[in-house]
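# Geometric and topological summary
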Amino acid sequence: MRKRCVKQIMDEANMSEDRCWATLGAFDEKGDGRIVELDANTGTVNEIMQFAQPPQLRVAGKGFTGGTWLSDGKLAVCGASAVYFFVDGVHKDTWALPSFNDLHGLCAHGNRIYVVNTGLDTIDVFNLDGQFRGSHSFETPWLATSRILGDYPERSAWSSLHDGHWNGEWPK
């Protein structure tokens, strides 16, 4: 079904399978989000749109980090700390929560939008109207406990947090 939807969008946009859209940033202090079209046949890159994220939501060096088309024709894209919605290239809405931390992608399925929140190692789930429905966490409870206690272990030390044999001390 996804392939049919992508094919339909490409047909409507008069795009071939040799072209695709990509989200990216300017990697400068402004943190503008950009969408470009890449053409594999000609080797060209054409800018589709550029968007200046609000200063309070902007992260220097990061622009747009993922995007998806919604069934109502809106384009949803994420920056590092917000999700933006566009219709015909015009900004229509913004979702921003204090828990949004280094967003890196999103997708829509049915009446839900799934946002990849890499800063919290979660997939955050929303209704299409923006109502938060919950999160799927991809960190172990042991790592969460360690973070709550103020410790942020390196990824290489995570396996030590999985040891279920308690020696009378909290993990460090």
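Counting restarts for each chain: residues are numbered from 1 in the order of the written sequence. Per-residue local features are limited, in this predicted model, to residues with pLDDT of at least 70; the limit for side-chain atom pairs, both in listing and counting, is 80 or more; totals at the level of whole chains, interfaces and linings are taken over all residues. The basis for every side-chain value is the complete set of heavy atoms in the structure, and neither hydrogens nor water enter the calculation.

## Section: the overall build of the chain
Going by this rule: Labels follow the DSSP assignment, with helices taken as runs of H or I lasting at least four residues and strands as runs of E lasting at least two, numbered in each case from the N terminus. A simple rule labels every residue: compare its accessible area, found with a 1.4 Å probe on the protein chains alone, to the largest value its type can have, and call it buried under 20%, exposed over 50%, or partly exposed in between. Only heavy atoms matter for contacts: two residues are in contact if any of them lie within 4.5 Å across the pair. For the accessible areas, the method is Shrake-Rupley and the probe is 1.4 Å, while residue cover comes only from the protein chains on display.
Along the chain, the regular secondary structure elements total two helices and 11 strands. For the chain, the succession of helices and strands along the chain, N to C, is α-β-β-β-β-β-β-β-β-β-β-β-α. When burial is assessed residue by residue, the chain has 32% of its 172 residues classed as buried. Contacts in the chain between residues at least 24 apart in sequence constitute 28% of all its contacts with a sequence separation of at least 6. When the accessible area of the chain is evaluated, it comes to approximately 10,900 Å², of which 54% is carbon and sulfur surface.

## Section: the sheet that holds strand S8 (residues 103–109)
Selection rule: One bridge is not enough; two strands pair if DSSP finds at least two bridges between them. To obtain an axis, a line is fitted to C-alpha atoms, over the contacting stretch when the element is a helix, and the angle between two such axes runs from 0 to 180 degrees between their N-to-C directions.
The sheet built from four strands is open, its strands ordered S8-S9-S10-S11 with antiparallel pairing. In the strand order of this sheet, the two ends are held by S8 and strand S11 (132–137), each with one partner. Taking the axes of each pair of neighbouring strands and ignoring which way they run, one obtains an average angle of 20 degrees across the sheet. Sheet topology places strand S9 (residues 112–117) next to strand S10 (residues 122–127); six bridges connect them, and they run antiparallel. Within S10, the residue paired with valine 116 across the bridge is isoleucine 123.

## As for the nonpolar core
Condition: Only buried residues count toward a nonpolar core, which is a set of Ala, Val, Leu, Ile, Met, Phe, Trp, Tyr and Cys residues joined through side-chain atoms within 4.5 Å.
Ranked by size, the top nonpolar core spans 12 residues in total: Leu70, Ala76, Cys78, Val83, Phe85, Trp95, Phe100, Leu103, Leu106, Ile113, Val115 and Phe126. Sorting the residues of this core by element identifies strand S5 (75–78), strand S6 (83–87), S8 and S9 as the ones contributing at least two each. The contacts of phenylalanine 100, once residues within four sequence positions are left out, are Ser81, Ala82, Val83, Trp95, Asn117, Asp124 and Phe126. Ranked by size, the runner-up nonpolar core spans 10 residues in total, among them Leu57, Val77, Ala82 and Tyr84.

## Let's talk about a nonpolar patch on the surface
Note the threshold: A patch is a set of surface residues, each over 30% in relative accessible area and not in a salt bridge, joined within 9 Å for like charges and within 5 Å for the nonpolar side chains Val, Leu, Ile, Met, Phe, Trp and Tyr. What makes a salt bridge here is a side-chain nitrogen of Lys or Arg within 4 Å of a carboxyl oxygen of Asp or Glu, nothing more.
Side chains of Trp21, Ile48 and Trp69 sit close together on the surface and give an oily, nonpolar patch of about 270 Å² of accessible area. With respect to the element layout, tryptophan 21 can be found in strand S1 (residues 19–25). Residue class for tryptophan 21 comes out partly exposed when judged on its relative accessible area of 32%.

## Regarding the sheet that holds S6
Strand order in the open sheet made by the four strands is S4-S5-S6-S7, with antiparallel pairing throughout. The sheet is open, and its two edges are formed by strand S4 (66–69) and strand S7 (90–95), each paired on a single side. Adjacent strand axes in the sheet meet at a mean angle of 25 degrees, parallel and antiparallel pairs treated alike. The pairing of S6 with S7 spans five bridges and is antiparallel. Across the sheet, the residue bridging to tyrosine 84 is threonine 94, located in S7.

## Comments concerning the side chain of aspartate 121
Mapping aspartate 121 onto the fold places it in the loop between S9 and S10. Since its relative accessible area comes to 17%, aspartate 121 is described here as buried. Once you skip the residues sitting within four places of it in the chain, aspartate 121 turns out to touch His136, Ser137, Phe138, Glu139, Arg147 and Trp158.

## Describing the confidence of the model for the chain
In plain terms, the rule: Here pLDDT means the predictor's own confidence in every residue, given as a number from 0 to 100.
Across the chain, the average pLDDT comes to 82, with 81% of residues at or above 70. Confidence over residues 1–7 falls short of pLDDT 50; this stretch has one contact with residues more than four positions distant or in other chains.

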